[in-house]
Amino acid sequence: MENSIAKSLAVIIPAYRMHSQMFNNMLVDIQAADALIRVENKTNHFVWMTGNLVNCRYWMASVLGLAEKDPNEVLFKDGKALDEKASYPSLEDLKKEWHKISPILYKRLLAVEDTELEQTYELGMNVAYMEENKLNMLGMCIDRESYLFGQLGLMRKILGYQGIKYDTDDHLNY
């Protein structure tokens, strides 16, 4: 297992790696026709949730100073609400973006130093008990990913798909 230079990422790195695995597992067998289904027009659909996961990875990359940009940012930036009139990318396109940004970001996570993670990163939340710095922003994004995976897991069950498996792919090294 690779370790980050930054000791403060000891919890983030394993979560990041597990989320990389879970991304693939969440999308197993999802049919294109089901990817846009909303339950009683109240829930988000698979494509929206998946696009937000991809956008989280691009946002973390931005926090760490990487230049890569989400090509679908206009649809997903800042957790933008689902737009029923918008034309969303396919799950296949979103998978490609996930696997494009994730290894680049992982390499950066391994190389970042604690001093950089301590740098102020203002989000404007003004939460008294949380310092707005790069480390906490990365933690919030990992939490957002967990939230979205929970939604995807529930949608899998509602739509009649098998529950999520925690199988891992040893060749997926990010």
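Look up a bit, the structure's there.
All figures in this text were calculated on a predicted structure; none of them were measured in a lab.

S.K.: Honestly, the overall build of the chain in this entry has me stumped. Any pointers?
M.R.: Regarding its fold elements, the chain presents six helices and zero strands. For the chain, the α and β elements follow one another from N to C terminus as α-α-α-α-α-α. A globule of 174 residues ought to have a C-alpha radius of gyration of about 16 Å, and the chain, at 16 Å, matches this closely. Its C-alpha atoms give the chain principal-axis dimensions of roughly 45 × 35 × 30 Å. Looking at the chain residue by residue over its 174 residues, the buried ones come to 45%. For the chain, contacts bridging at least 24 residues in sequence account for 74% of all contacts bridging at least 6.

S.K.: Help me out: how do you make sense of the pattern of salt bridges in this one?
M.R.: One side chain can pair with another of opposite charge once the charged atoms of both are near each other. Enumeration over the complete set of coordinates arrives at six salt bridges. We note a salt bridge from E116 to K134, for which the minimum N-O separation is 3.2 Å. Of this pair, E116 sits in helix α5 (residues 114-117) while K134 sits in helix α6 (residues 134-158), and the two are 18 residues apart along the sequence. The pair formed by E116 and K134 is uniform in burial state, with each residue classed as buried. When salt bridges with common partners are traced through the structure, they connect R108, E116 and K134 into a single cluster.

S.K.: It is not clear to me how the packing of helix α2 (residues 46-63) against helix α4 (residues 91-111) should be interpreted in this structure. Could you clarify?
M.R.: Relative orientation and spacing of two packed helices are given, respectively, by the angle between their axes and the distance between those axes. As a packed pair, α2 and α4 sit with axes 9 Å apart at the nearest point and diverge in direction by 20°. When the axes of α2 and α4 are compared, the pair comes out roughly parallel. At the point where α2 passes α4, the crossing takes the left-handed sense. Here α2 contributes F46, V47, T50, G51, L53, V54, R57, Y58, M60 and A61 to the contact with α4, which in turn contributes L91, L94, E97, W98, K100, I101, S102 and L105.

S.K.: So what exactly am I meant to see when it comes to the side chain of N52 here?
M.R.: Turning to its location among the elements, N52 is positioned in helix α2. Setting aside residues up to four positions removed in sequence, N52 forms contacts with F76, G79, R144 and L148.

S.K.: I would appreciate a short explanation of the packing of aromatic side chains in the present structure.
M.R.: The way to describe two aromatic rings as a pair is by their centre distance and the angle between their planes. In total, this model carries four aromatic pairs according to the counting rule given. For the pair F23 and W98, a centre-to-centre distance of 4.1 Å together with 5° between the ring planes defines the contact as stacked. One end of the pair, F23, is in helix α1 (residues 12-26); the other, W98, is in helix α4, and 75 residues separate them in sequence. A relative accessible area of 1% places F23 in the buried class. Centroid distance W59 to Y121: 6.2 Å. Interplanar angle 80°. Geometry classified as edge-to-face. Separated by 62 residues along the polypeptide, W59 in helix α2 and Y121 in the loop between α5 and α6 bring together distant segments of the chain. The lysine or arginine in question, R57, covers the ring of Y16, its NZ or CZ lying 3.6 Å from the ring centre.

Thresholds applied
- Residues numbered from 1 in each chain as written.
- Predicted model: local features only at pLDDT ≥ 70, side-chain atom pairs only at ≥ 80, totals over all residues.
- Heavy atoms only, no water.
- Helix = DSSP H or I, 4+ residues; strand = E, 2+ residues; numbered from the N terminus.
- Rg over C-alpha atoms; globule rule 2.2 N^0.38 Å.
- Buried < 20%, exposed > 50% of the residue type's maximum accessible area, 1.4 Å probe, protein only.
- Contact = heavy atoms within 4.5 Å.
- Salt bridge = Lys/Arg side-chain N within 4 Å of Asp/Glu carboxyl O.
- Axes fitted to C-alpha atoms, helices over the stretch in contact; angles between N-to-C directions.
- Parallel < 35°, antiparallel > 145°, perpendicular 65-115°, else oblique.
- Left-handed = near helix turned anticlockwise from the far one by under 90°.
- Phe/Tyr/Trp six-rings, centres within 6.5 Å; stacked < 30°, edge-to-face > 60°.
- Lys NZ or Arg CZ within 6 Å of the ring centre and 35° of its normal.

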